[in-house]
Amino acid sequence: MNVLLDYLPEFRNGFLGTVSLTAASAALAILLGLLIAGFRVSPVPPLRAFGTAWVTLLRNTPLTLLFLVAFFVVPQVLFPGTSPFVLATLALGFYTSSFVCEAVRSGINTVPLGQAEAARSIGMTFIQTLRMIILPQATRTVLPPLSSILIALTKNSAIAGAFSNTELFNVSKLLNDQGRPIGWIFLWIALAYLIITFAISGIFRLLERRLEVAR
Amino acid sequence: MSEVSVTKSDKGPAPAGDPLVVLDNVNKHFGALHVLQDIDLTIRRGEVVVVIGPSGSGKSTLCRTINRLETVDSGSIAIDGKPLPQEGRELARLRADVGMVFQSFNLFAHKTVLENVMLGQTKVRRTEKKAAEEKARALLDRVGVGTQADKYPAQLSGGQQQRVAIARALAMDPKVMLFDEPTSALDPEMINEVLEVMQQLARDGMTMVVVTHEMGFARSAANRVVFMADGRIVEEAEPNQFFNNPRSDRAKDFLSKILHH
């Protein structure tokens with residue numbers, strides 16, 4: 001108990017660190033995932049090829065390897081002096097975007113083909129059709145897998161702690177190194193993660209129910 | 001085949017308008033199947049052409065090639081003098097001028113009836129919202145579903161949904177309307193309400209291509225009947241001549257199977 005009280009500021013910073021890392025990379029992942037899913041179903045072959053390559057590359061690379069690239073290659077070659085937070089967000093966001101893309105694409109495939117044909121036949125462009133007709137109807141099917149993906153992302157963000165980011169895992173390591181009781185530290189860290197992941201599944205359950213009514 | 005009682009309009013011979021849809025030597029394959037073979041077809045402005053034929057004869061495919069929902073392998077299709085462009089903005093613009101009604105309605109399931117009819121106007125034609133709504137309501141009244149405007153498509157009967165789909169297509173002020181078996185998915189008691197709307201459209205001078213199994217509609221509303229079999233246009237004639245005195249054996253065989261039992 002007293003580990004938490006003695007190191008409350010550290011725990012709080014760690015918690016906020018994990019939340020902000022998760023939120024930022026989730027936003028990036030969803031944005032990129034939607035874009036790449038659009039590429040993968042587009043009528044333009046080069047875009048489709050790009051989408052497939054993106055997913056294949058990022059989904060099949062270990063996340064730790066992406067972190068190594070983000071922290072030791074990107075600053076050297078492209079943008080020196082980028083903050084660890086931004087680099088970690090990029091690694092997590094890009095990695096997760098490949099999973100989001102596939103979840104969105106599976107949702108797109110559940111919408112009957114006739115919906116797109118009807119939209120095209122009144123003169124809507126591909127982008128209009130996707131944005132106004134297909135994606136709104138795909139959302140409901142995408143929510144459950146998306147919720148799992150974001151929970152996985154929350155836990156994956158622990159890797160950022162090994163790359164000079166302040167977040168929960170990083171705090172546990174810090175306290176552990178100072179010889180604090182390891183059982184208690186783990187308990188509090190685990191509870192903090194649970195708060196975040198339960199919040200995510202709660203939000204998605206709410207969204208699912210909301211969309212059920214809207215139809 | 002149910003004979004549909006629709007008021008016989010005194011349709012004369014085909015109106016002598018200028019050619020609006022021109023298919024020239026169109027060929028299409030689905031794998032090994034040669035689904036459209038050397039199709040030549042000209043549809044004039046104001047004309048109502050009914051396409052009939054046995055299943056698998058390529059009539060739906062023919063209908064869908066006209067707004068390029070199906071691509072063709074060779075030959076050319078022109079609408080109002082302009083050949084169909086490649087997929088992209090220009091094709092989208094052209095499709096807005098070609099109304100399409102599907103067998104399975106395909107109303108946007110997440111939009112209300114009113115929104116279904118407004119969407120094309122506001123997003124494609126860039127009509128102001130208020131004007132679009134006014135027009136949508138007028139069209140819904142015209143097809144007899146004005147009171148259903150705020151419901152979702154799933155809450156409507158098949159006949160009502162199909163009439164909304166016709167209103168949605170009409171909202172774009174199309175030059176020509178394509179009907180791909182519009183009554184084939186309907187319960188028998190709902191077929192007439194849809195056919196009556198189409199009859200009215202035909203009387204108002206809309207250019208129409210109708211793929212159907214409703215011979216009553218073909219008799220009373222068509223200027224011309226196109227009979228297809230095995231991917232070819234076998235016979236083209238005025239409805240009276242076609243139904244009373246078909247020239248080809250294929251058409252005689254088809255008519256004998258559907259008209260007498």
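Our structure's up above, just so we're on the same page.
Quick look at the structure, then. (Residues numbered from 1 in each chain as written. Chains lettered and ligands numbered in written order. Predicted model: local features only at pLDDT ≥ 70, side-chain atom pairs only at ≥ 80, totals over all residues. Heavy atoms only, no water.)

**Quick word on the environment of Ala-154 of chain B**
No. 1: Of note, Ala-154 of chain B is situated in the loop between helix 4 (129-142) and helix 5 (158-170).
No. 2: Since its relative accessible area comes to 74%, Ala-154 of chain B is described here as exposed. (Helix = DSSP H or I, 4+ residues; strand = E, 2+ residues; numbered from the N terminus. Buried < 20%, exposed > 50% of the residue type's maximum accessible area, 1.4 Å probe, protein only.)

**Comments concerning the interface of chain B and chain A**
Reports often express the size of an interface as the amount of accessible area lost when the parts come together.
No. 1: Opposite the 26 residues of chain B that make contact, chain A presents 19 residues.
No. 2: Roughly 1,900 Å² of surface becomes buried between chain B and chain A when both sides are summed, with 62% attributable to carbon and sulfur atoms.
No. 3: Of all residues in chain B, the largest losses of buried area upon contact with chain A belong to Arg-95, Phe-108 and His-110 of chain B, amounting jointly to 27% of the total for that side.
No. 4: Across the contact surface, chain B and chain A share two salt bridges.
No. 5: Residues Glu-117 of chain A and Arg-64 of chain B are paired through a salt bridge, measuring 2.6 Å at the closest nitrogen-oxygen approach.
No. 6: There are seven residue pairs in polar contact (both at pLDDT 80 or more) connecting chain B and chain A.
No. 7: For the side of chain B that touches chain A, the secondary structure elements donating two or more residues are helix 2 (89-96), strand 6 (98-101) and helix 3 (113-123) of chain B.
No. 8: Sort the elements by how many residues they give to the side of chain B that touches chain A and helix 2 of chain B lands first, with four residues. (Contact = heavy atoms within 4.5 Å. Buried area = accessible area lost by both parts, 1.4 Å probe. Salt bridge = Lys/Arg side-chain N within 4 Å of Asp/Glu carboxyl O. Polar contact = N/O pair within 3.5 Å; in protein donor to acceptor, adjacent residues only side chain to side chain.)

**So, unusual backbone geometry**
No. 1: Phi angles above zero are rare outside glycine, and Ser-164 of chain A is one such case at about 45 degrees.
No. 2: Given the relative accessible area of 59%, Ser-164 of chain A is considered exposed.
No. 3: In the Ramachandran plot, Asn-106 of chain B falls in the positive-phi region, its phi being about 55 degrees despite a non-glycine side chain.
No. 4: Its location among the elements puts Asn-106 of chain B in the loop between strand 6 and helix 3.
No. 5: A relative accessible area of 11% means that Asn-106 of chain B is categorised as buried.

**Side note on the sheet that holds strand 6 of chain B**
Residue and element names in this part refer to chain B.
No. 1: Taken in spatial order, the six strands line up as 6-7-8-3-9-10 in an open sheet, and their pairing is mixed. Taken across any chain shown, the strands that pair with only one partner, and hence form the sheet edges, are strand 6 and strand 10 (232-237). Between one strand axis and the next, the sheet turns by 15 degrees as a mean value, whatever way the strands run.
No. 2: Helix-sheet contacts for helix 6 (residues 188-203) involve strand 3 (48-52), strand 7 (176-180) and strand 8 (207-211), and the interaxial angle to strand 8 is about 145 degrees. (Pairing = 2+ DSSP bridges. Axes fitted to C-alpha atoms, helices over the stretch in contact; angles between N-to-C directions.)

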